[in-house]
Amino acid sequence: MKFAFYPGCVSRGACPELFDSTIAVCEKLGIELDYKSMESASCTGSGILQEKNLKLGDTLNARNFALAEKSGLPLLTICSTCQGVMSQANARLLADKEYLNEINQELKTEGLEYKGTIDPKHLLWVLVEDIGIDKLKSLIVQKLEGLKLAPFYGCYIVRPSAALKFQENPRRSTSLEEIIEAVGATVVDFPGKTQCCGFPILMINQKNAVNMVANHTSTAKNEGADAMVTPCPLCHLNLDAYQPEASKTKNEPINLPIIHLPQLLGLAMGIAPEKMKLNKHIISTKTMLSEIGVSP
Amino acid sequence: MGTNKESLLMNVNLKVKRFDPEDPESQTLWQEYKIDVHQDSTVLDALIHVREHEDTSLALRCACRASICGSCGMKVNGSAKLVCKTRVTEVSPNGEQIVVEPMGNHPVVKDLVVSLDTFFDQIKRVEPYVQPDHVPEKGEYIASNESMENLLTSMNCIMCGCCVSDCTVLEVDDNFIGPAALAKAWRFVEDPRDSKTSDRLKNLNDQDGGIWDCTRCMQCVEVCPKGVDPMDRIMELRESAINSGLTNSFGARHANSVNKSIKHSGRIDEFRLPIESKGYFNIKEILGLLLPGLRMLIKKRSPSPIHHKNPNQSKVKNIFKNFEDNK
């Protein structure tokens, strides 16, 4: 299975552990990642550029889709925010031919045209819908039995559900739980799993952003979670890097490790924690690792 | 033609949150009802059945039963919905238990009935009426069809409060003006007859809990039963605020910084984005970034101050330039 790989900005910036664990896990899964076709792709705009100019954001995404189309490969991302922004842009582009034509005029000078055939897919969905849970289970060398994990989807990979095609692909709403169970861990359900982590307003209203971190991490912890797993590097940044500030609002340490989806798979597939940079997290993963008998 | 009435019935298992203001212990009370209703029933039909046949003390509010009046907003399986518009089979396709609670972020009066007082306080904050700069000497104000058609999304709002119920910001900050009020504000900012556009934008931009406090989580878009899509209206307000020169806010600086870095390199510059959002000379705020930054640095995962460009970045830059030239 070969994909045009769109890693997003954050996995090549503040979350290098996501990038490294993805490479290691995809190797095991037999997913071939083609870097070349998307190397000149730009940021999706992250929903932030869209605050300033929606059409410009759609043009950049159409350009990225055109690059993927040129490669003839399906488009894979490992960032929920990229997934959401791309799916929303794609829905607008495909809903209005005139709009797509206007945007294609902008791409003409580069010799590009978006024909409308791309369906961007997050690794989470590829695992459940294309690789399959059975194949995933066959690659597990260490069941993570006894580990209690709270899923944290965040916003962009669940809303708006129409643009993300949840009706056509109903397993998308439970994909993270399916993976947690497949690796032998126990799901800790909590109401915040599809709510906002607060990252988009971290630089705008830190108090609110940190309170969201505090609510989600402490609720999951109180429900018995040993760690939280997320498919979104931006959620990871906020839930992990700002958890010390969140602990202050609760007047007690929360200490809930936040792990990326590929790190979870990697642990079950026997990939060394240091290869996946599990020692680089702000909230230590040591206790969680010793729980499953892995030396950090 | 004969119909077997019995065969059209279906079993419904409801779990309903109860609250009696005179009994503080009822805060955590849930009650279950197992009833038979017609298979085309809405959740409202099922609740009314409970009130009429099982438990006359259950308080709920409804009026039109046709998703026009906006009275019957409730949380069904965790999401705000108009229960008159929600079929039982839609939320319980295989006979699963249906959990019904009062809407969130609104004070509960009794059981499933909430007070909309805080909701209307939010709406009042945006002065929700047209403020023209003159009174026509005779006749009425005329606005073109085209200019009013644009407002239809927001004008569809029936004030049900569903968007406010599920707003993730209001859960942590009751000073946030909220999605419904902002969608309403957008309607007057865009109204060709209104003369207060710049005042309105400035007010929404400057106030605590204004346009920049929305997290873009899209809960309001997901739950709005009338297609108002409040978050999309908030995004348009942000765009209008920046375009009208209101750029001295954390939010506008954040958006401008992202714009600048994608134009320059094709990627977000994670090193400069926090600093530029705070403002280079905002020493107090920049000092606040030091501790989290230091923690990242110790773990050797701090973004590099050297920001590399993507290959072929000149092509992306040209797209930005074309947009700037055609503004």
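Residues numbered from 1 in each chain as written. Chains lettered and ligands numbered in written order. Predicted model: local features only at pLDDT ≥ 70, side-chain atom pairs only at ≥ 80, totals over all residues.

1. Quick notes on the sheet that holds strand E4 (residues 121–122) of chain A
Paired through backbone hydrogen bonds, the strands of a sheet run either parallel or antiparallel to each other.
Residue and element names in this part refer to chain A.
Step number 1: With respect to topology, 4 strands assemble into an open sheet ordered E2-E1-E3-E4, the strand pairing being parallel. Of all strands in the sheet, those bounded by a partner on one side alone are strand E2 (32–34) and E4.
Step number 2: Relative to E4, strand E3 (residues 75–77) runs parallel, the two being bridged by 2 bridges. Looking at E4, one finds that Thr-77 is bridged to His-122. (Pairing = 2+ DSSP bridges. Helix = DSSP H or I, 4+ residues; strand = E, 2+ residues; numbered from the N terminus.)

2. Remarks on the pairing of strand E3 (residues 73–76) of chain B
All names here are of chain B.
Step number 1: Side chains Gly-73 and Lys-75 of E3 all project onto a buried face; the interleaved residues Met-74 and Val-76 project onto the opposite face, where all are buried too.
Step number 2: In textbook terms, the turn of a hairpin is the stretch between consecutive antiparallel strands, and for E3 and strand E4 (residues 79–82) this stretch comprises 2 residues, one of which, Asn-77, has a positive phi near 50 degrees.
Step number 3: The pairing of E3 with strand E5 (residues 98–101) spans 2 bridges and is classified as antiparallel. In the strand pairing of E5, Lys-75 is matched with Glu-101. (Buried ≥ 20, exposed ≤ 12 C-beta atoms within 10 Å, placed from the backbone.)

3. Brief notes about the domain arrangement of chain B
Residues and elements named next belong to chain B.
Step number 1: Segmenting chain B into domains produces domain 1 (5–114), domain 2 (117–243) and domain 3 (250–325).
Step number 2: Centre-to-centre separation of domain 1 and domain 2, based on C-alpha positions: 30 Å.
Step number 3: With 16 residues of domain 1 at the interface, the matching set in domain 2 holds 15 residues.
Step number 4: Only E3 and E4 provide two or more residues apiece to the side of domain 1 that touches domain 2.
Step number 5: It is E4 that provides the largest number of residues to the side of domain 1 that touches domain 2, a total of 4 residues. (Domains from an automatic or database assignment. Contact = placed C-beta atoms within 7 Å.)

4. What about the interface of chain B and chain A?
Accessible area lost during the coming together of the parts is what is often quoted as the interface size.
Step number 1: Contacts between the two partners involve 49 residues from chain B, matched on the other side by 45 residues from chain A.
Step number 2: Every element with two or more residues in the side of chain B that touches chain A is listed here: helix H9 (219–223), helix H10 (230–243), helix H11 (250–265), helix H12 (272–278), helix H13 (283–298) and helix H14 (313–325) of chain B.
Step number 3: Looking at the side of chain B that touches chain A element by element, the count peaks at 8 residues for H11(B).
Step number 4: Residue classes in the side of chain B that touches chain A are distributed as 21 nonpolar, 14 polar and 14 charged. (Nonpolar A, V, L, I, M, F, W, Y, C, P; charged D, E, K, R; others polar.)

5. Focus on the domain arrangement of chain A
Residue and element names in this part refer to chain A.
Step number 1: Domains assigned within chain A are domain 1 (2–122) and domain 2 (133–291).
Step number 2: Between domain 1 and domain 2, the C-alpha centre-to-centre distance is 24 Å.
Step number 3: Of the residues lining the interface, 25 residues belong to domain 1; the matching set on domain 2 comes to 24 residues.
Step number 4: Elements supplying a minimum of two residues to the side of domain 1 that touches domain 2: helix H1 (16–29) and helix H4 (80–95).
Step number 5: The biggest single contributor to the side of domain 1 that touches domain 2 is H1, with 10 residues.
Step number 6: Taken together, the residues that form the side of domain 1 that touches domain 2 break down as 11 nonpolar, 11 polar and 3 charged.

6. A closer look at unusual backbone geometry
Step number 1: Here the bond from A:Arg159 into A:Pro160 is cis, since omega is -10 degrees, no more than 30 degrees from zero.
Step number 2: Residue position: A:Pro160 is located in the loop between strand E5 (148–151) and helix H8 (175–182).
Step number 3: In this structure, B:Met159 is a non-glycine residue whose phi angle is positive, near 55 degrees.
Step number 4: Following the sequence through the fold, B:Met159 ends up in the loop between helix H5 (152–155) and helix H6 (162–165).
Step number 5: For B:Met159, a count of 17 C-beta atoms within 10 Å corresponds to the partly exposed category.
Step number 6: A positive phi angle is found at B:Asn312, which is not glycine, with a value near 60 degrees.
Step number 7: Take B:Asn312: it is sitting in the loop between H13 and H14.

7. Looking at helix H10 (residues 233–241) of chain A
Step number 1: Within H10(A), 9 of the 9 residues are buried, which leaves it mostly tucked inside the rest of the structure.
Step number 2: Every buried residue of H10(A) is listed here: A:Pro233, A:Leu234, A:Cys235, A:His236, A:Leu237, A:Asn238, A:Leu239, A:Asp240 and A:Ala241.

8. So, the sheet that holds E5(A)
Residues and elements named next belong to chain A.
Step number 1: Pairing in this open sheet of 4 strands is parallel, and the strands run E6-E5-E7-E8 from one edge to the other. A strand with exactly one partner marks an edge of an open sheet, and here the two such strands are strand E6 (186–187) and strand E8 (258–260).
Step number 2: For strand E7 (residues 227–230) and E8, the ladder comprises 3 bridges, and the chain directions are parallel. When the bridges of E8 are listed, Met-228 appears paired with Ile-258.
Step number 3: The strands touched by H8 are E5, E6 and E7; relative to E5, the strand with the most contacts, the crossing angle is about 165 degrees. (Axes fitted to C-alpha atoms, helices over the stretch in contact; angles between N-to-C directions.)

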